[in-house]
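Descriptive structure summary
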Amino acid sequence: MKNLLDTLRELQELDREILRNRRFQRELPGEVDQKSREMREIDRMLEAKKNARKEAGKKIHAEEGEMKVLDDRIKKLQGQTLDVKTNKEYKAIMNEIANIQSDKGKIEDKILEAYQVAEGIDREVAEIEERKKGKQKEVDSVKKRADQDVAEFGRQIVGLEAKRKVVAERVRPETLALYEELLEDKEGVALAPVVKAVCQGCNFRLLPNVLNRLTHTEVTELVKCSHCGRLLYLKE
């Protein structure tokens, strides 16, 4: 029975290592996903800034169009001064020109402000694009490393499974089926050591009859913990 328990313990170590490697394989793409999410966030920021730049450009274009309308109006009024008959008409035209010049000053301030906003956005776009280049390098690096690690874990799993097959062949089919059922049900721990009459799988103190069966020198059966159901063995 000791040889069988030793074989099952060896099998469990192999299975736990296989499970660990498979878990690592599943977790590795998570870092790639995180970097990809960060990249998508940068893309959203970049798109928002470019849209803001387009709006700033539209505003500049609209204000400059209004400025042209006022310039044309002034030229037209200046031409009319050549045809006036009285001083009163002349003053009226000049007053209107002065009012338009005042409006032009306000529009010029708006245009200047719009250009300043646009230049600020241009700087932000440039900064975000640089961040995007750096983040893309990170994504590529993480993905390459993850692909390499996934492949390496895959190679290790293949080797471990080959060893497991050899070890499993030393166990009777019904015993192997029981072990594998426990392995799945107990999250990869089918066997648990007993230390000072306590099952280390669930910290349950064994009943005297269970402990007697386990410590009997001529024990010929597998002994289960009456609480968690794991196969027990005495820790040397």
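Just above, that's the structure.
So, here is what we can say about the structure in this document. (Residues numbered from 1 in each chain as written. Predicted model: local features only at pLDDT ≥ 70, side-chain atom pairs only at ≥ 80, totals over all residues. Heavy atoms only, no water.)

As for the overall build of the protein chain
- Tallying secondary structure elements over the protein chain gives four helices and three strands in all.
- Listing each helix as α and each strand as β along the protein chain from the N terminus yields α-α-α-β-β-α-β.
- By the compact-globule yardstick of 18 Å for 236 residues, the protein chain is too spread out, its C-alpha radius of gyration being 41 Å.
- Projected onto its principal axes, the C-alpha positions of the protein chain cover 135 × 35 × 25 Å.
- Put simply, the protein chain has 236 residues, and 31% of those count as buried.
- Contacts in the protein chain between residues at least 24 apart in sequence constitute 71% of all its contacts with a sequence separation of at least 6. (Helix = DSSP H or I, 4+ residues; strand = E, 2+ residues; numbered from the N terminus. Rg over C-alpha atoms; globule rule 2.2 N^0.38 Å. Buried < 20%, exposed > 50% of the residue type's maximum accessible area, 1.4 Å probe, protein only. Contact = heavy atoms within 4.5 Å.)

Examining the pattern of salt bridges
- With the rule as written, the count across this model stands at 26 salt bridges.
- Across the pair arginine 23 and glutamate 27 runs a salt bridge whose closest N-O atoms are separated by 3.8 Å. Placement of both arginine 23 and glutamate 27 in helix α1 (residues 2–80) is noted, with a separation of four residues, approximately one turn of the helix.
- Relative accessible area serves as the criterion here: at 47%, glutamate 27 is assigned to the partly exposed category. (Salt bridge = Lys/Arg side-chain N within 4 Å of Asp/Glu carboxyl O.)

Regarding the sheet that holds strand β3 (residues 231–234)
- On the basis of which strands lie adjacent, the open sheet formed by three strands has the order β2-β1-β3 and mixed pairing. Single-partner strands in this sheet number two, and they are β2 (198–199) and β3.
- Direction of pairing for strand β1 (residues 191–195) relative to β3: parallel, over a ladder of four bridges. The residue of β3 that forms the bridge with proline 193 is tyrosine 233.
- Its contacts with the sheet put helix α4 (residues 208–215) on β1 and β3, and the angle it makes with β3 is roughly 60 degrees. (Pairing = 2+ DSSP bridges. Axes fitted to C-alpha atoms, helices over the stretch in contact; angles between N-to-C directions.)

Brief notes about the nonpolar core
- One finds Leu8, Leu11, Leu176, Tyr179, Ala190, Leu191 and Leu231 to be the most contacted residues of the largest nonpolar core, which totals 18 residues.
- Put simply, the parts of the chain that give this core at least two residues each are α1, α2 (87–168), α3 (173–185) and β3.
- By residue number, the principal contributor to this core is α1, which donates five residues.
- When residues no more than four places from it in sequence are discounted, the contact partners of leucine 191 are Leu5, Leu8, Arg9, Gln12, Tyr179, Leu231 and Tyr233.
- Judged by nonpolar contacts, the second largest core, of 10 residues, contains Ala192, Val194, Leu214 and Val223. (Core = buried A, V, L, I, M, F, W, Y, C linked by side-chain atoms within 4.5 Å.)

Here's the deal with the environment of valine 150
- Topologically, valine 150 is positioned in helix α2.
- Under the relative-accessibility criterion, valine 150 is labelled partly exposed at 28%.

What about the environment of glutamate 113?
- Looking at the element boundaries, glutamate 113 is found in helix α2.
- Under the relative-accessibility criterion, glutamate 113 is labelled partly exposed at 48%.
- A C-alpha to C-alpha distance of 9.2 Å links glutamate 113 and isoleucine 60, two positions 53 residues apart in sequence.

Notes on the side chain of threonine 7
- If you trace the backbone, threonine 7 turns up in helix α1.
- Setting aside residues up to four positions removed in sequence, threonine 7 forms contacts with Val167, Arg170 and Val171.

Quick word on the environment of glutamate 13
- Examined against the element boundaries, glutamate 13 turns out to sit in helix α1.
- Spatially, the C-alpha atom of glutamate 13 lies 9.5 Å from that of arginine 164, the residues being 151 residues apart in sequence.

Keep in mind these numbers describe shape, not what the thing actually does.
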